[in-house]
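Here is what each chain is made of, one letter per residue.
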Amino acid sequence: MRIETLPEEFIKAQPIIDTIEAAGYEAYYVGGSVRDTLLGLPIHDVDIATSAYPEEVKSLFKRTVDTGIEHGTVMILDHGTGYETTTFRTESGYQDYRRPDSVKFVRSLKEDLNRRDFTINALALKTDGTIIDYFDGLSDLKAHRIRAVGDPEKRFNEDALRMMRAVRFASQLNFTIDPETITGIKHHGSLLTKIAVERIHVEFVKMLLGQWPAMGLDVFMDTGLYQYCPDFKPYKDQLEQLRLQLKSGLSSETAVWTILCAVFGLSSKQVNRLLKDWKSANQLIDDVQVAVKAVKAISEHSVDAWLLYQTGSELLPIANEVANQLGESPYATATLLAQYDELQIHSKKALAITGQDLMSAGIKPGPQLGQALNYLERQVVEGQLKNQNNMLLSAAIKYLNEKA
Ligand SMILES: Nc1ccn([C@@H]2O[C@H](COP(=O)(O)OP(=O)(O)OP(=O)(O)O)[C@@H](O)[C@H]2O)c(=O)n1
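- As named in an unreviewed UniProt entry, the chain is CCA-adding enzyme, taken from Secundilactobacillus silagincola.
- Entered under Sequence similarities (unreviewed entry) in the UniProt record, the comment concerning the chain runs "Belongs to the tRNA nucleotidyltransferase/poly(A) polymerase family. Bacterial CCA-adding enzyme type 3 subfamily."
- Quoted straight from UniProt, the Subunit (unreviewed entry) entry for the chain says "Homodimer."

Set out below in structure tokens:
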């Protein structure tokens with residue numbers, strides 16, 4: 001098979017391949033960019049595989065970076081773009097189920113394609129548009145099927161993350177997974193516990209960002225893969241519910257974790273624990289804690305000024321998206337944002353009074369000063385007080401007198 005017109009990303013990279021070939025080696029485009037081109041999807045990174053050994057590649061180009069030289073990968077820099085160029089290799093001895101202990105560089109393209117995860121990812125493309133397909137990847141692409149190259153048991157034993165990649169591709173591409181590959185996942189699901197959580201995290205989120213999340217979730221649940229992800233085991237019923245409810249992919253990582261935590265019914269403390277176990281960034285944890293509260297309020301039709309203020313304009317659309325996915329939002333996002341815009345202030349800094357002003361008026365520094373500012377903030381947000389310095393000052397004095 002031959003692609004008539006190659007996307008411009010490949011045409012831009014052609015001088016790299018030409019240089020390698022002129023030196024007597026083979027070089028091809030490989031991996032996701034070839035798969036996505038054949039599916040008519042936009043491509044991200046152009047990866048090149050070559051028969052030239054890393055030192056040979058480096059000798060051919062002025063500017064290279066050793067991005068993974070022990071695995072044969074050298075990045076070639078050309079007119080501001082980096083091209084990952086990897087020597088054909090075989091892999092052996094995956095003691096940790098994720099990275100090959102030893103790689104052997106080889107000169108044969110077929111051997112290189114043979115070590116890859118799925119047939120749709122084991123296609124090579126020449127600069128003239130010819131596709132090289134040793135493992136029936138083209139018919140799997142046509143049948144919308146994810147199938148391991150060779151023996152699925154061996155493939156997942158080598159790299160257990162591939163099971164998560166399979167469910168992620170199913171969600172992104174609307175593909176089914178070949179029955180033998182499914183059996184391989186069923187047999188090897190527990191190996192996922194040997195994989196760094198951060199890597200599972202990336203694939204899991206990509207699965208729920210995919211356009212057809214139920215395609216991946218079906219396999220994730222039916223094969224029992226979910227049990228080997230941190231803390232998911234007790235939430236089987238909720239995950240099952242989610243797979244039926246999700247109509248389309250979510251828009252962001254924050255939305256992914258918000259919907260999970262909302263469906264699991266987690267408190268802020270539990271959100272923190274779950275997301276820490278999934279090795280999440282602190283900012284994500286903070287955002288999800290806020291967004292989950294907002295989803296609850298939206299679902300219960302109890303959105304008020306204070307909730308809008310605390311949630312903020314970035315998280316409101318996410319919380320409303322999640323509530324919509326769960327079929328429970330009576331609000332349009334634009335309405336929530338318009339109500340948010342109408343608030344007198346959008347941060348504590350915007351209060352027309354400072355701690356310094358309160359101290360100048362004789363209020364002593366200490367906890368009561370902070371309490372007074374918190375009181376004013378809430379009153380202004382809720383529209384009980386106008387955001388004017390003299391009004392806020394007298395309200396603070398009254399508040400502290402009543403408290404005393
Ligand atoms: N665990 C893995 C990861 C990658 N690959 C191979 O390396 C290629 C590039 O991997 P990567 O860039 O991670 O994924 P892509 O398939 O390119 O997909 P995407 O860019 O959408 O993540 C894959 O196509 C596949 O041939 C593999 O065999 N096993």
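Structure shown, so let's carry the discussion forward.
## Comments concerning helix α19 (residues 389-403)
Residues separated by three or four positions in an α-helix point in the same direction, a consequence of the helix having 3.6 residues per turn.
Moving on, step 1. Helix length check: α19, at 15 residues, gives a terminal C-alpha distance of 21 Å against a target of 21 Å (1.5 Å per residue), a fit within 8%.
Moving on, step 2. Inspection of α19 places L392, A395, A396, Y399 and L400 among the buried residues, and these make up the whole buried set. Taken down its axis, α19 places every buried residue within 130° of arc, on the same side. Across from the buried face of α19, at angles greater than 90 degrees, the exposed residues are N390, K398, N401 and E402.
Moving on, step 3. Elements that come into contact with the buried residues of α19 comprise α17 (355-360) and α18 (367-381).

## Some remarks on the side chain of Q289
Moving on, step 1. Looking at where Q289 falls in the secondary structure, it is placed in helix α14 (residues 282-299).
Moving on, step 2. Overall, the relative accessible area of 18% leaves Q289 in the buried class.
Moving on, step 3. Once residues within four sequence positions are removed from consideration, Q289 is found in contact with S268, V271 and N272.

Here is what the cut-offs are and how they apply
- Residues numbered from 1 in each chain as written.
- Predicted model: local features only at pLDDT ≥ 70, side-chain atom pairs only at ≥ 80, totals over all residues.
- Heavy atoms only, no water.
- UniProt positions renumbered as here; feature names shortened; annotations may be inferred.
- Helix = DSSP H or I, 4+ residues; strand = E, 2+ residues; numbered from the N terminus.
- Expected span 1.5 Å × (residues − 1).
- Buried < 20%, exposed > 50% of the residue type's maximum accessible area, 1.4 Å probe, protein only.
- Arc of directions from axis to C-beta.
- Contact = heavy atoms within 4.5 Å.

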